Amino acid sequence: MDLGFPLGIRLTHAFNLVFLTLLIRSGIEILGGHPMLYFNDHCRPGSEWIRFTSKRMFRNLRWTAEDEKEPYTPWLALPGRDNLGLGRFWHFVSVVGWLMTGLVYLLVLFTSEQWHRLVPTSAAVFHEAGQAAVAYLRLDVPPPGNPYNALQQLTYFVLVFVLAPLQINTGLAMSPALAGRFQWFPRLFGGRQGARSLHFVGLIVFVAFTVHHVALVIAHGLVDGLAAIVLGEKAATAGERAVAVAIALTFVTGLVALHVWATRRSLLQPRAVQAALQRIVDPLQARLLQPLTSRQSYRPEDITQDPRPNGRPPRNQAYVDLAERSFAGWTFEVGGLVARPLSLTLDELRRLQSEHQITQHKCIQGWSYTAAWQGVPLRAFLDRCLPDQKARYILFRTFDEKWEEPGHGEYYSVIDLDLARAPQTLIAYDMNGQPLPAAFGAPLRLRLENQLGYKMVKWIRSIELVADYHDIGAGQGGWRADLLHYSRIAPI
Amino acid sequence: MTDSESQTDDRRSWAPPRVGLEVERRDRWEIVRHGTFAGLSAGFALGFVEIVVSTALRGDPWLPFDFAVAIVVGPEALAPVFPVAAAVALGTVIHILLSVLFGVVFLSALALTFQLSARSWLIILYGVVFALTVWEVNFLAVLPLIAPTLRGRIDLLTQLWNGIVSYSLVYGPVLAAYVIWVRPGTLDRWWLTDGRDAEPLPLGHD
């Protein structure tokens, strides 16, 4: 039978192009958050195998990971200019579209005879592919297949059944929720950083394939190729070829317009774009990944020496004074919608039942480290303070006045009450057997091991149970969600 | 973007302080100058190897020139009666101009992606991949468009040795070797530890 180019194949080809280009550009934005790639999960400066930044950090850790960001141009990245939060939203929305396109494509393939176009059924395909390669090398065109020749069939097979699943799985392996629950999963790819590196290499292979694909389409005859993929006509008339070219040009123009619109709107009205994309992304994250609670257990020898600090410690006088006397006399407050507000000194807090865990910290920027944490499970505070039935969220207030960005309020974060009761959720006071250093959140920091690092608030002053967060700050559920357009939840 | 647009949105009006040492500099003319030198070096090396290979395989040292000229004047340049001097003159000009053009493109691509200071093995890999891409795009996509009559006129051995092997083992690596040797636009090699940083601690850090 003549497989040709039925409507389902043609439509998914077009949608694939739309979502792949969005994925590539938003992926570049995400890369800019930490423009270095590693094959080790400690991410020590200098151990990266490739980097995409014009600078290096000082060799004595006198900096924070924020300094390592590289703002890429909007001509390349979506949206560009150091907008990691929106880049992630665009990436995840595009992933959803790309996966749905892929599912439709597979449905078209395997509910008809169309699977023959991709799946070789004889070992002769390798010999025939060699013959096709020789023909190309001679600058000739091999005989047409049905619809692909053997070399094309093998290439598309690898692309659809090897590379695409690899991209999906390496992307998932970077999710702290998934990696926290199934610690073996990222190890399949050499750890979180191995997965991140392979995810990047996969992107390069997709781009290289696109260049190769377009070159071969031109070699085979560009206009005939367009007539086949646009109209499904293998032997098109001159008129049909003209129509196909017109449709293709219109499509490419529309695609460029979509990218320009998405980029400009993201840069000019980030809050509106954040809200729109969040409506698609967050329910999926909340249902699929948020329920995965952390069961991490690393060995003491896995602990990272000299891990990256992130964020600069508070400079306000109150904090500096407290830090100078090791927070003696300071009390940690638990209040809000509770029947029994709590007020505990650090010594009192240290006398509570504590837990110890060695876990991997996964920053939204892309880097990671492993450390040992000691602290009080957050659920222990909830059990003591007796939350009101109206309480749905926990608000973390901090000493961090964000002196680097004056006028934008103090740092805060909101988490769901359910997360607070999850295993390995700690209010930590020790790191690697020592009291928390200021750079890592002294006197107290949150450990929320199925979330990205930015949800693990440092320099905690107090916590409050609240019914709603929309009247706090700019109403997005956290300082970074308000100002940097990050998601309120971060299981991936 | 207009001033009015910049006032109507909720974008950040600030940027966090950034520290770090620049390791790369993007200077347009420096890139063009070094791209030209790199392209010339790689072009001469490629031309030499192609002449040697053509002599060894076909006994005709001028074949690469004939093919370069055929792109412009058509397949008659491949005929034995076509004057050698004309083929060498025009072929050399076309070869060198394209070598320089692709040298500048290579350096520009490295600068654009902050790879001028990359590890040496990566730059060699970039050179090989770039040269193969140039070969594929030129011979499979551009040539059929501008000189369709050359389709099927090149035998497999010539294409293999004068094409893929020469491009990937000579043109690309020589481009890369130039970058590794000269390190244009590179202010510092980031992976070395020389312990000479003396910048003050960012405020508030312990």
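Just so it is clear, the model here is predicted, and its values are computed rather than measured. (Residues numbered from 1 in each chain as written. Chains lettered and ligands numbered in written order. Predicted model: local features only at pLDDT ≥ 70, side-chain atom pairs only at ≥ 80, totals over all residues. Heavy atoms only, no water.)

(A) Just the overall build of chain B, in detail. Check the secondary structure of chain B and you find six helices and one strand. Of the regular secondary structure in chain B, the N- to C-terminal order runs α-β-α-α-α-α-α. Out of the 206 residues in chain B, the part that is buried amounts to 43%. Entry remark: accessible area of chain B is about 10500 Å², with carbon and sulfur atoms responsible for 69%. (Helix = DSSP H or I, 4+ residues; strand = E, 2+ residues; numbered from the N terminus. Buried < 20%, exposed > 50% of the residue type's maximum accessible area, 1.4 Å probe, protein only. Areas by Shrake-Rupley, 256 points an atom, 1.4 Å probe, with all protein chains shown as cover.)

(B) Highlighting the overall build of chain A. Looking only at helices and strands, chain A has 14 helices and 13 strands in total. Oriented by its inertia axes, the alpha-carbon framework of chain A measures out at about 85 × 45 × 45 Å. Taken across its 492 residues, chain A has 56% of its residues classed as buried. Within chain A, contacts between residues separated by at least 24 positions form 72% of all contacts whose residues are at least 6 apart in sequence. Accessible surface for chain A amounts to roughly 20200 Å². Of this, 62% is attributable to carbon and sulfur atoms. Of the charged side chains in chain A, 48 are positive and 40 negative, and the gap between their average positions amounts to 1 Å. (Contact = heavy atoms within 4.5 Å. Lys, Arg positive; Asp, Glu negative; His and termini not counted. Charge placed at Lys NZ, Arg CZ, Asp CG, Glu CD.)

(C) Up close: the environment of Ile280(A). Inspection of the secondary structure assignment puts Ile280(A) in helix 9 (residues 270-288). In this structure, the C-alpha to C-alpha distance between Ile280(A) and Arg241(A), residues 39 residues apart in sequence, is 39 Å.

(D) Focus on the nonpolar core. All names here are of chain A. Counting 70 residues, the largest nonpolar core has Leu378, Phe381, Ile394 and Phe396 as the members making the most contacts within it. Ranked by the residues each element gives to this core, the list is headed by strand 10 (residues 425-431), at five residues. Residues Val18, Leu20, Leu23 and Ala195 belong to the second largest nonpolar core, which totals 46 residues. (Core = buried A, V, L, I, M, F, W, Y, C linked by side-chain atoms within 4.5 Å.)

(E) Fine view of the packing of aromatic side chains. All names here are of chain A. Taken as a whole and assessed by the stated rule, the structure comprises 30 aromatic pairs over all chains. Between Tyr148 and Tyr156, the aromatic rings sit 4.6 Å apart at their centres with planes inclined by 65°, giving edge-to-face as the arrangement. Here Tyr148 matches Tyr156 in class, with each residue buried. Clustering of aromatic rings is evident, with ring pairs tying together Tyr319, Phe327, Trp330, Phe332, Phe381 and Phe399. Sitting over the ring of Phe5, Arg117 keeps its end group 5.1 Å from the ring centre. Taking the ring centre of Trp403 as reference, the NZ or CZ of Arg315 above it sits at 4.5 Å. (Phe/Tyr/Trp six-rings, centres within 6.5 Å; stacked < 30°, edge-to-face > 60°. Lys NZ or Arg CZ within 6 Å of the ring centre and 35° of its normal.)

(F) Examining the sheet that holds strand 4 (residues 331-336) of chain A more closely. Residues and elements named next belong to chain A. Overall, mixed pairing links the five strands, which are arranged 5-4-13-8-9 in an open sheet. If you trace the sheet from one side to the other, it starts and ends with strand 5 (342-345) and strand 9 (412-416), each paired once. Neighbouring strand axes in the sheet, compared pairwise and without regard to direction, differ in orientation by 20° on average. As judged from the four bridges shared by strand 4 and strand 5, these two strands associate in the antiparallel manner. By the bridge assignment, Glu333 is partnered in strand 5 with Ser343. Sitting on the sheet, helix 12 (residues 378-385) touches strand 4, strand 5, strand 8 (393-398), strand 9 and strand 13 (460-466), and the angle it makes with strand 5 is about 130°. (Pairing = 2+ DSSP bridges. Axes fitted to C-alpha atoms, helices over the stretch in contact; angles between N-to-C directions.)

(G) Up close: the environment of Arg81(A). Along the chain, Arg81(A) turns up in the loop between strand 3 (55-56) and helix 2 (84-110). Separated by 97 residues in sequence, Arg81(A) and Leu178(A) place their C-alpha atoms 30 Å apart.

(H) Layout of unusual backbone geometry. Residues and elements named next belong to chain A. For the bond from Leu78 to Pro79, the omega torsion is 0°, close enough to zero to count as cis. Structurally, the position occupied by Pro79 is in the loop between strand 3 and helix 2. Cis peptide bonds are those with omega within 30 degrees of zero, and the linkage from Ala442 to Pro443 qualifies with 10°. Structurally, the position occupied by Pro443 is in the loop between strand 11 (434-435) and strand 12 (445-448). In this structure, Cys43 takes a positive phi of about 55° despite not being glycine.

(I) View of the confidence of the model for chain B. All names here are of chain B. Residues of chain B with pLDDT of at least 70 account for 83%, and the chain-wide mean is 81. Counted against residues more than four places away or in other chains, residues 1-16, with its pLDDT under 50, gives 31 contacts. Note on residues 197-206: pLDDT is under 50 here. Beyond four places in sequence and across chains, it has 30 contacts. Complex prediction metrics read pTM 0.88 and ipTM 0.83. (pLDDT = per-residue confidence, 0-100.)

(J) Here's a closer look at helix 4 (residues 84-112) of chain B. End to end, helix 4 of chain B covers 41 Å across 29 residues, agreeing with the expected 42 Å (1.5 Å per residue, within 8%). Once helix 4 of chain B ends, the next one or two residues include Phe114(B), with phi positive near 60°. (Expected span 1.5 Å × (residues − 1).)

(K) Fine view of helix 7 (residues 192-231) of chain A. All names here are of chain A. For helix 7, built from 40 residues, the straight-helix expectation of 58 Å at 1.5 Å per residue is missed by more than 12%, its first-to-last C-alpha distance being only 43 Å. Along helix 7, the helix axis deviates most sharply at Gly221, where the bend reaches about 105°. One or two residues past the end of helix 7 sits Gly232, with phi positive at roughly 80°. (Bend = angle between axes of the 7 residues up to and from the residue.)

(L) Geometry of the pattern of salt bridges. Residues and elements named next belong to chain A. Counted under the stated rule, the structure contains 18 salt bridges over all chains. In this structure, the salt-bridge partner of Glu66 is Arg480, at a minimum N-O distance of 3.5 Å. In this pair, Glu66 is assigned in the loop between strand 3 and helix 2 and Arg480 in helix 14 (residues 479-483), connecting sequence segments 414 residues apart. By relative accessible area, Glu66 is classed as buried at 10%. For Asp383, the salt bridge is made with Arg421, and the minimal N-O distance between the two is 3.2 Å. Residue Asp383 is located in helix 12, and its partner Arg421 is located in the loop between helix 13 (417-420) and strand 10; the two are separated by 38 residues in the primary sequence. Since its relative accessible area comes to 48%, Asp383 is described here as partly exposed. (Salt bridge = Lys/Arg side-chain N within 4 Å of Asp/Glu carboxyl O.)

(M) Up close: a nonpolar patch on the surface. Residues and elements named next belong to chain B. There is a patch of nonpolar side chains on the surface, built from Val72, Val73, Leu90, Val93 and Leu97 and spanning about 410 Å² of accessible area. With three residues, the single largest contributor to the nonpolar patch is helix 4. Tracing the chain through its elements places Val93 in helix 4. A relative accessible area of 44% places Val93 in the partly exposed class. (Patch = residues over 30% accessible without salt bridge, like charges linked within 9 Å, V, L, I, M, F, W, Y side chains within 5 Å.)

(N) Spatial organisation of the packing of helix 2 of chain A against helix 4 (residues 150-173) of chain A. All names here are of chain A. Axis separation between helix 2 and helix 4 bottoms out at 13 Å; the angle between their running directions is 155°. Relative to helix 4, the element helix 2 lies roughly antiparallel. You can see that helix 2 and helix 4 cross each other, and the crossing is left-handed. Touching Trp98, Leu99, Tyr105, Leu106, Leu109 and Phe110 of helix 2 are Val160, Phe161, Ala164 and Ile168, all from helix 4. (Parallel < 35°, antiparallel > 145°, perpendicular 65-115°, else oblique. Left-handed = near helix turned anticlockwise from the far one by under 90°.)

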